[in-house]
Amino acid sequence: MDKKDINFLEQLLYNAEKNYIINQLTNTNNSLLLHYFAANYNWNSRFDLPTIILENEACDFGTGLLMFHYADGYRMLENQDEVSSSSLDEWKNFLGKIYNKLINLEFKSQNISFDPELTKIQKYKLKKSNPTIPDILISKSPGEVVNIPKI
């Protein structure tokens, strides 16, 4: 990623008007831009921009997995009932959408790798409490490992 791309990403993350950001995320076919945006997004904010990324056809499986874990999908894997009974509807709906899209492999590409970096113990505990958890949600995804710029 060159300096121009980093400046553009920085503008999207911190300086741009929301409608401009939505337009850029909706109309880009650059899967790396979507991945870098998601990795640098403030996940304490709303889920409208991550939803736009998720719905973009250029969104890669690795980006979906990244967003699942950055949105605290681990809690969903630990205790699905806790998430489904949450009063945080926007969060709950986002996790449900991304979970289904991931397990149904509804992404056009798997070119960008993401590793949730769960320990063997974390994976063991998750599998012990829920043996039906798909491995794709707790393992490194296929694709190329990319260095994510911190912006």
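Before going into details, it helps to say that this report is about the structure given with it. As the structure is a prediction and not an experimental result, all values here were calculated from the model.

Summed over the entire model, instances satisfying the criterion amount to eight salt bridges. We note a salt bridge from E90 to R46, for which the minimum N-O separation is 3.6 Å. Placement of the pair is E90 in helix 8 (residues 89–103) and R46 in the loop between helix 3 (31–40) and helix 4 (48–55), with a sequence separation of 44 residues. Owing to a relative accessible area of 52%, R46 belongs among the exposed residues under this scheme. One salt bridge in this structure joins D72 and R75, with 3.3 Å as the shortest N-O distance. Owing to a relative accessible area of 28%, D72 belongs among the partly exposed residues under this scheme. What you see here is one network of salt bridges that share partners, running through D72, R75 and E82.

This part covers the packing of aromatic side chains. Centre-to-centre distance and the angle between the planes together describe a pair of aromatic rings. One pass over the structure, following the stated rule, counts nine aromatic pairs. Seen in terms of ring centroids, Y70 and F114 are 5.9 Å apart; in terms of plane orientation they differ by 80°. Their pairing is edge-to-face. Here F114 lies in the loop between strand 1 (112–113) and helix 9 (120–129) and Y70 lies in helix 5 (residues 61–70), a separation of 44 residues in the sequence. Looking at Y70, the relative accessible area reads 31%, which means it is partly exposed. Judged by relative accessible area, F114 falls into the buried class, the value being 9%. Directly above the aromatic system of F107 lies the positively charged group of K101, at a separation of 4.8 Å from the ring centroid.

With 46 residues, the main nonpolar core has F37 and M67 as its most contacted residues. Among the elements of the structure, helix 1 (3–15), helix 2 (18–27), helix 3, helix 4, helix 5, helix 6 (73–78) and helix 8 are those that each provide at least two residues to this core. Filtering out sequence-adjacent residues up to four positions away, F37 remains in contact with L9, L12, L13, I21, L25, L49 and I53.

Following both chains from N to C, one finds helix 1 and helix 2 inclined at 130°, their axes separated by 9 Å at the closest point. Viewed along their axes, helix 1 and helix 2 adopt a mutual orientation that is oblique. Facing F8, Q11 and L12 of helix 1, the residues of helix 2 in contact are Y20, I21 and Q24. Per-class residue counts for the contact of helix 1 with helix 2 are four nonpolar, two polar and no charged.

Here the focus is the environment of F61. Summarising the element assignment, F61 is placed in helix 5. Sequence-wise, F61 and Q122 are 61 residues apart; in three dimensions their C-alpha atoms are separated by 22 Å. Discounting residues that sit within four places of it in the chain, F61 has contacts with L102, L105, F107, S109, Q110, I136 and S141.

Conventions adopted
Residues numbered from 1 in each chain as written. Predicted model: local features only at pLDDT ≥ 70, side-chain atom pairs only at ≥ 80, totals over all residues. Heavy atoms only, no water. Salt bridge = Lys/Arg side-chain N within 4 Å of Asp/Glu carboxyl O. Helix = DSSP H or I, 4+ residues; strand = E, 2+ residues; numbered from the N terminus. Buried < 20%, exposed > 50% of the residue type's maximum accessible area, 1.4 Å probe, protein only. Phe/Tyr/Trp six-rings, centres within 6.5 Å; stacked < 30°, edge-to-face > 60°. Lys NZ or Arg CZ within 6 Å of the ring centre and 35° of its normal. Core = buried A, V, L, I, M, F, W, Y, C linked by side-chain atoms within 4.5 Å. Contact = heavy atoms within 4.5 Å. Axes fitted to C-alpha atoms, helices over the stretch in contact; angles between N-to-C directions. Parallel < 35°, antiparallel > 145°, perpendicular 65-115°, else oblique. Nonpolar A, V, L, I, M, F, W, Y, C, P; charged D, E, K, R; others polar.

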